[in-house]
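# Observations on chain architecture
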Amino acid sequence: GIQVEQSPPDLILQEGANSTLRCNFSDSVNNLQWFHQNPWGQLINLFYIPSGTKQNGRLSATTVATERYSLLYISSSQTTDSGVYFCAVIVRGSTLGRLYFGRGTQLTVWP
Amino acid sequence: NAGVMQNPRHLVRRRGQEARLRCSPMKGHSHVYWYRQLPEEGLKFMVYLQKENIIDESGMPKERFSAEFPKEGPSILRIQQVVRGDSAAYFCASSLDGISGNTIYFGEGSWLTVV
């Protein structure tokens, strides 16, 4: 099956710092989504971004589908950004809706 | 992801009991998916359902687990004779249709603890 690798596995930042999270995937994809799982376990959609660049406030994401990677940028991080960030993809041609998740990046933001 | 409703949020079962988890998709969505998150891991696909149909259950354990999405009412994930290894977070997701180019929305999860 497709491999979805996220880096770094852990990231510790001070409030106000910027960060870049990476997601590499091993096959062509139809769908790529970024999620934030907060410390209470809730899974929150951040971006649907199979290609191109999107921005939402302090967060932005870029997917270069031809090179099989996506980046999530967090600027001016806040303590509420803490949690696990997951990248998930749907392989081109696979069962619709079957997302393959990476193992996540655990982000801790200190005040 | 607001709109995909799961209940219960937390469920404690003794070994050998049955667990039933319910999921109501977002309004207008007819495609439902169940995922499981084991401790310290990402989410793994279990099953994909449409109304009254199981489309793909290749991620579901062969025994003790079943899922349905009836014509009326929520989708149900049922785990019979639970064991400690079933302790996990179970997430339901829904989408407007089966086109993979659409966003898939997740509920807040149901945490099952088997004691």
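Fair warning: this is a prediction, and the values are worked out from it, not measured in the lab.

Attention now moves to the interface of chain A and chain B. Note: interface size is frequently given as the accessible area lost on complex formation between the parts. Listed per partner, the contact involves 22 residues of chain A and 26 residues of chain B. Between chain A and chain B the total buried area reaches about 1,900 Å² when both faces are included, carbon and sulfur atoms providing 52% of it. The tally of links from chain A across to chain B stands at 1 salt bridge. A salt bridge links B:Asp56 to A:Arg98; the nearest nitrogen and oxygen atoms lie 4.0 Å apart. For the pair chain A and chain B, the interface holds 6 residue pairs in polar contact (both at pLDDT 80 or more). For the side of chain A that touches chain B, the elements supplying multiple residues, two or more each, are β4 (29-37), β5 (43-48) and β9 (83-91) of chain A. Top contributing element to the side of chain A that touches chain B by residue count: β4(A), with 5 residues.

Moving on to the state of the cysteines. Residue and element names in this part refer to chain A. For the coordinates displayed, the defined rule picks out 2 disulfides over all chains. Across a sulfur-sulfur distance of 2.0 Å, Cys-23 and Cys-87 are joined as a disulfide pair. Looking down the S-S bond of the Cys-23 and Cys-87 bridge, the torsion is -55°, so its handedness is left-handed. Remark: Cys-87 occurs in strand β9 and Cys-23 occurs in strand β3 (residues 19-25); sequence separation between them is 64 residues.

Let us look at the layout of surface pockets. Any space left empty among the atoms is revealed by the rolling of a water-sized probe across them. Of the volumes computed, that of the largest pocket is approximately 430 Å³. In terms of lining, the largest pocket is formed by 22 residues, of which the most central are A:Gln37, A:Val84, B:Gln37, B:Glu40 and B:Glu41. At the level of secondary structure, the elements contributing two or more residues to the lining of the largest pocket comprise β9 and β11 (105-110) of chain A together with β9 (88-95) of chain B. Quantified by volume, the second largest pocket comes out at close to 270 Å³. Of all the elements in the fold, those that place two or more residues in the lining of the second largest pocket are β1 (4-7) and β10 (100-101) of chain A together with β5 (43-50) of chain B. When grouped by side-chain class, the residues that make up the lining of the second largest pocket number 7 nonpolar, 3 polar and 5 charged.

What the rule picks out here adds up to 9 aromatic pairs over all chains. Plain terms: the ring middles of A:Phe101 and B:Tyr35 are 5.8 Å apart, the flat faces sit at 75° to each other, and that makes the pair edge-to-face. Of this pair, A:Phe101 sits in strand β10 while B:Tyr35 sits in strand β4 (residues 31-37), placing the two residues on different chains. B:Tyr35 carries the same exposure label as A:Phe101, and that label is buried. Measuring from centroid to centroid gives 5.4 Å for B:Tyr35 and B:Phe106, while their planes differ by 55°, and the two rings are tilted. Here B:Tyr35 is found in strand β4, whereas its partner B:Phe106 is found in strand β10 (residues 105-106), with 71 residues between them in sequence. Overall, B:Tyr35 belongs to the buried group, its relative accessible area being 0%. The ring of A:Tyr69 has A:Arg22 sitting right over it, with the charged end atom 4.2 Å from the ring centre.

Cut-off values and rules
- Residues numbered from 1 in each chain as written.
- Chains lettered and ligands numbered in written order.
- Predicted model: local features only at pLDDT ≥ 70, side-chain atom pairs only at ≥ 80, totals over all residues.
- Heavy atoms only, no water.
- Contact = heavy atoms within 4.5 Å.
- Buried area = accessible area lost by both parts, 1.4 Å probe.
- Salt bridge = Lys/Arg side-chain N within 4 Å of Asp/Glu carboxyl O.
- Polar contact = N/O pair within 3.5 Å; in protein donor to acceptor, adjacent residues only side chain to side chain.
- Helix = DSSP H or I, 4+ residues; strand = E, 2+ residues; numbered from the N terminus.
- Disulfide = S-S within 2.5 Å.
- 1 Å grid on protein atoms, 1.4 Å probe; cavity = no way out; pocket = protein on both sides within 12 Å on 5 of 7 lines; lining within 4 Å.
- Points joined across faces, edges and corners; volume = space filled by probe spheres on them.
- Nonpolar A, V, L, I, M, F, W, Y, C, P; charged D, E, K, R; others polar.
- Phe/Tyr/Trp six-rings, centres within 6.5 Å; stacked < 30°, edge-to-face > 60°.
- Buried < 20%, exposed > 50% of the residue type's maximum accessible area, 1.4 Å probe, protein only.
- Lys NZ or Arg CZ within 6 Å of the ring centre and 35° of its normal.

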